[in-house]
Amino acid sequence: MVRRMRGFGTLLLLFTLQATGAELLPFAPTQAEMARLPEYCRVRATDNGHLPEFQMWLNRLGPKFRGIHHYCSGLNYINRYQRLWNDPKRGYYLSRAVPEIDYVAKDMPDDFPLAGEIYLNRGIAHKLMKQDGAAAVDFVKAIEHDPKQVQAYLNLAAIYIKGGNKAKALEVVTNGLSHAPKSKGLQKKYLELGGKEPLPAAESIASPGNPAAPDAADGRQDTRSGVSQTPHDAATESGPEQEAGPDDTATSKDKQSGGEASSAGDSKPPVIGTPTNPYCRFCPD
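The rules behind each value
- Residues numbered from 1 in each chain as written.
- Predicted model: local features only at pLDDT ≥ 70, side-chain atom pairs only at ≥ 80, totals over all residues.
- Heavy atoms only, no water.
- Helix = DSSP H or I, 4+ residues; strand = E, 2+ residues; numbered from the N terminus.
- Buried < 20%, exposed > 50% of the residue type's maximum accessible area, 1.4 Å probe, protein only.
- Disulfide = S-S within 2.5 Å.
- pLDDT = per-residue confidence, 0-100.
- Contact = heavy atoms within 4.5 Å.

**Q** Tell me about unusual backbone geometry, and please be specific about residues and values.
**A** Omega for the bond connecting Glu197 with Pro198 falls within 30 degrees of zero, at 0°, which places this linkage in the cis form. You can see Pro198 is positioned in the loop between helix 11 (184–192) and helix 12 (216–225). With a phi angle near 55°, Asp47 is a residue other than glycine that sits in the positive phi range. Residue placement: Asp47 occurs in the loop between helix 3 (39–46) and helix 4 (52–61). Unlike most non-glycine residues, Lys130 shows phi in positive territory, near 65°. Following the sequence through the fold, Lys130 ends up in the loop between helix 7 (115–128) and helix 8 (132–145). Relative accessible area serves as the criterion here: at 24%, Lys130 is assigned to the partly exposed category.

Next up, the structure:
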């Protein structure tokens, strides 16, 4: 029944857009959009298992690579939402992001190389949709899979700040600094939240296990709050850290090439976003 209602809502939205003369962009990324996506997205789009590049990514990511185009579509929908500020269809694109990412995340193995960034980006999509409870769960999962996932700490801290729990936000940021001490975004947020100098050193205060996980009550309350965020509070509404430096990336070049976990906070060139929008993956300047 729920699926039928969602399907009806989607059809109604499509009808409304068409009735007003608006035209949806194609389901698949355009050539320009594909250029902003990771290399594995472009390789998977060829659907040619005989290509050496296809076999390389299949070996690196395993069987999940064959379905990775759904995750790529989710990223592209988020990019469209971020880019099309005045387009009445942008809400539709955002609504399609989570279902596409879910296709890969629902039975993703624990050791999947892209797990950290997949949970991060699904969390960003939930947060853009004002679903803070679901977003917080995803950000915690992103941190569990990749403790150096700087943007997950910043977004999770933003949810606690929004709920008035600055002490918990400081705990999250402090844990983040213990894994990514060079992150300028985490350093600035730590001081803004009342953290004392000297700044936490790497691995000095983080405890093993689940870092600053939100309890169920926090998640439920955030989900019901419905408090809107503005671009001034968040990088295109996804988190409050527009000031985060280029080292505060959600992925690394190594991860995009099927390598080890991201070294966010220590990497040099930015891998995602722009100086004015570090949360929008592969967006144009």
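What follows continues from the structure just given.
**Q** Can you lay out the state of the cysteines for me, pointing to particular residues and giving the numbers?
**A** Inspection of every chain in the model, using the stated rule, returns one disulfide. Linked covalently through their sulfurs, Cys41 and Cys72 form a disulfide whose S-S length is 2.0 Å. Disulfide Cys41-Cys72: the torsion about the S-S bond is -90°, which places it as left-handed. A residue pair is termed long-range when its members are at least 10 positions apart, and Cys41 in helix 3 and Cys72 in helix 5 (residues 68–83) qualify at 31 residues. Each member of the pair, Cys41 as well as Cys72, is classed as buried.

**Q** Go over the confidence of the model for the chain with me, naming the residues and quoting the values.
**A** Per-residue confidence for the chain gives a mean pLDDT of 73, with 63% of residues at or over 70. Across the chain, element-level confidence peaks in helix 9 (residues 150–162) with a mean pLDDT of 98 and bottoms out in helix 12 with 28. Within the model, the stretch residues 11–21 combines pLDDT values under 50 with eight contacts to residues more than four positions away or in other chains. Predicted confidence for residues 204–285 stays below pLDDT 50, and this span has 211 contacts to residues more than four positions away or in other chains.

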